[in-house]
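Each chain is listed here by its residues.
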Amino acid sequence: MSTVRRRLGCGWRRNAVALVWIPVLLLGPVLDLHGTPGAVAFQVALVLVIATAAAVAGLTGGPPWRSATPYIALSTLVAATTAGAMHGSSQWLPTWILLANTLPAVLRGRALVGAVPLVALLSMGAAAIVEPFQWSRLWSEGFVVVLAGLASSAVISLIDTVSELRRTRAELARAAVADERERFSRDLHDLLGHTLSVMVVKAQAVRRLAGTDDVAVVEHASDIEEIGRQALVDVRRAVDAMRAPTLPDELDNARRALAAAGIETTVTGDPGAGDTDEVLAWVVREAATNVLRHSGASTCRIELAERGGRLALAVTDDGVGAPSTPTVRFGGLDGLRDRVTAAGGELRVETSDAGFSVVATVPGGGS
């Protein structure tokens, strides 16, 4: 059953407008069976061929437009409909309407635009054979066939558009999920990377001071406990998408963490408050984490200044710089650059003999 469904695709739904008319439009030829037994058998066979060809074309026609089956079925339908017109009975004229209904199920574009009027002309020829010199009947037959083709084309085109919109919506949903996963991964890295680095530095201080300065050991151990508890809170907030660091808090945390690592830190400028506060807070956190992990610095300067309506934040140390080992994880300076760029800002990473600096500029002057 699943194999058959895959072969048919969504053709039976897309082309339902053509399929539902098969029994209705073939009722006339069925009621018009006449003649010798051989003639009746031929007419029955012709009706069955028309019904089968129209059904196959409707079930298999449409995207992905790779199968030859619907085109063979449509060709068979054209031949059978033309043969039916030779009976000289008006009861067979609805088969042309059925053919016009089936065209959009198989054809598209220019082929469809040319096929509908061509079928209308053929139906008018069949009407002229059945009722010669009946001009009103001839024109009405052509009009009905064109109308059937246009209506079927419009409905099927609308169904194709809806299907495309659904596929687009599903693709957008998948892209949104991927973006959210990347964002969460970056947030988690930026959130825990700094916290764990501070805990490692303080643990190293505890080990270094053990047995020589018990007061400092107790103080650092207390800080480790406090940072660990705060990390648990931060993780819960991050999971709930509620984590929004503030610039003053991150400046204070960075100053304390760097001081615990023996890095002399100075902070200049007023952090203020504004729409870019959270972005700059992430910059301070990641930059301070890099100083702790990789720099080997003895001093660090964090400077805030307004320049031409834009707020500039610079974190500069006198160490060896950023990590040189490639990484495949999200976050780090690459993730930080994405954050700053998304806020309409710019992030520069500069290395010189004097040290390493991370400079972020964001619009608005922090207000």
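Residues numbered from 1 in each chain as written. Predicted model: local features only at pLDDT ≥ 70, side-chain atom pairs only at ≥ 80, totals over all residues. Heavy atoms only, no water.

## A word on the overall build of the protein chain
Per the secondary structure count, the protein chain includes 14 helices and 5 strands. Going through the 367 residues of the protein chain one by one, you find that 40% of them count as buried. Sequence separation of at least 24 residues holds for 71% of the intrachain contacts in the protein chain that already meet a minimum separation of 6. (Helix = DSSP H or I, 4+ residues; strand = E, 2+ residues; numbered from the N terminus. Buried < 20%, exposed > 50% of the residue type's maximum accessible area, 1.4 Å probe, protein only. Contact = heavy atoms within 4.5 Å.)

## What to know about helix H8 (residues 94–106)
Among the 13 residues that make up H8, 12 are buried, leaving the element largely enclosed by the rest of the structure. Those residues of H8 not exposed but buried are Thr95, Trp96, Ile97, Leu98, Leu99, Ala100, Asn101, Thr102, Leu103, Pro104, Ala105 and Val106.

## Concerning the sheet that holds strand E1 (residues 264–268)
Hydrogen bonds along the backbone pair up the strands of a sheet, which may run parallel or antiparallel. Taken in spatial order, the 5 strands of this open sheet run E1-E2-E3-E5-E4, and their pairing is mixed. Each edge of the sheet is formed by a strand with only one pairing partner; in this case those strands are E1 and strand E4 (346–352). Strand after strand, the sheet turns through a mean of 10° between neighbouring axes, direction not considered. By the bridge criterion, 8 bridges tie strand E3 (residues 310–317) to strand E5 (residues 355–363) in an arrangement that is antiparallel. Its bridge partner being in E5, Val315 is matched across the sheet by Val358. Contacts between helix H14 (residues 332–342) and the sheet are confined to E4 and E5, with E4 contributing the most and set at about 140° to the helix. (Pairing = 2+ DSSP bridges. Axes fitted to C-alpha atoms, helices over the stretch in contact; angles between N-to-C directions.)

## A short note on the pairing of E5
Successive side chains on a regular strand alternate, one facing one side of the sheet and the next facing the other. Across the 9 residues of E5, 8 count as buried, placing the element largely inside the fold. Sheet topology note: the E4/E5 ladder contains 7 bridges and is antiparallel. Paired with Ser352 across the two strands is Gly355, which belongs to E5. Remark: 2 residues form the turn of the hairpin made by E4 and E5, two consecutive strands paired antiparallel.

## As for the packing of aromatic side chains
In this structure the tally under the stated criterion is 0 aromatic pairs. Here Arg339 stacks its cationic end above the ring of Trp282, 4.2 Å away from the centre of that ring. (Phe/Tyr/Trp six-rings, centres within 6.5 Å; stacked < 30°, edge-to-face > 60°. Lys NZ or Arg CZ within 6 Å of the ring centre and 35° of its normal.)

## Brief notes about the environment of Gly262
Assignment of secondary structure puts Gly262 in the loop between helix H12 (247–260) and E1. Distance from Gly262 to Thr299, taken between C-alpha atoms, is 8.6 Å for residues 37 residues apart in sequence.

## Topic: the packing of helix H6 (residues 37–60) against H8
It is at 9 Å that the axes of H6 and H8 come closest, and there the two elements cross at 20°. The angle between the axes of H6 and H8 places the two elements in the roughly parallel class. In this structure, the crossing between H6 and H8 has a hand that is left-handed. Between H6, through Ile50, Ala54, Ala57 and Gly58, and H8, the contact on the second element is made entirely by Thr95, Leu98, Thr102, Ala105 and Val106. (Parallel < 35°, antiparallel > 145°, perpendicular 65-115°, else oblique. Left-handed = near helix turned anticlockwise from the far one by under 90°.)

## Topic: the confidence of the model for the protein chain
Low pLDDT marks regions whose predicted coordinates should not be analysed in detail. With 88% of its residues at a pLDDT of at least 70, the protein chain reaches an overall mean of 82. At the low end of the mean pLDDT range in the protein chain sits helix H1 (residues 2–8), at 45; at the high end sits H8, at 93. The model gives residues 1–9 a pLDDT under 50, and that stretch makes 2 contacts with residues more than four places away or in other chains. Considering only residues more than four positions removed or in separate chains, one finds that residues 324–330, a stretch of pLDDT under 50, has 6 contacts. (pLDDT = per-residue confidence, 0-100.)

## Concerning the pattern of salt bridges
Should the charged atoms of two oppositely charged side chains come close, the side chains can pair. By the definition in use, this model includes 10 salt bridges. Ionic pairing is found between Glu171 and Arg174, a salt bridge with its closest N-O pair at 2.5 Å. In this pair, Glu171 and Arg174 are both assigned in helix H10 (residues 135–209), 3 residues apart and thus about one turn of the helix distant. Under the relative-accessibility criterion, Arg174 is labelled exposed at 51%. (Salt bridge = Lys/Arg side-chain N within 4 Å of Asp/Glu carboxyl O.)

## A word on the packing of H8 against helix H9 (residues 109–130)
If you want to describe how two helices pack, look at the angle between their axes and the distance between the axes. It is the contact of H8 with H9, at a shortest axis distance of 10 Å, that shows an interaxial angle of 175°. Classified by the angle between their axes, H8 and H9 sit roughly antiparallel to one another. Here Trp96, Leu99, Ala100, Leu103 and Pro104 of H8 lie close against H9, whose contacting residues are Leu112, Ala115, Val116, Val119, Leu122, Ser123 and Ala126. Here the residues of the contact of H8 with H9 are counted per class, giving 11 nonpolar, 1 polar and no charged. (Nonpolar A, V, L, I, M, F, W, Y, C, P; charged D, E, K, R; others polar.)

## A few points about the pairing of E3
The element E3 is extensively covered by neighbouring structure, given that 7 of its 8 residues are classed as buried. By the bridge criterion, 8 bridges tie strand E2 (residues 299–307) to E3 in an arrangement that is antiparallel. Looking at the pairing, Ala305 lines up with Ala312 of E3.

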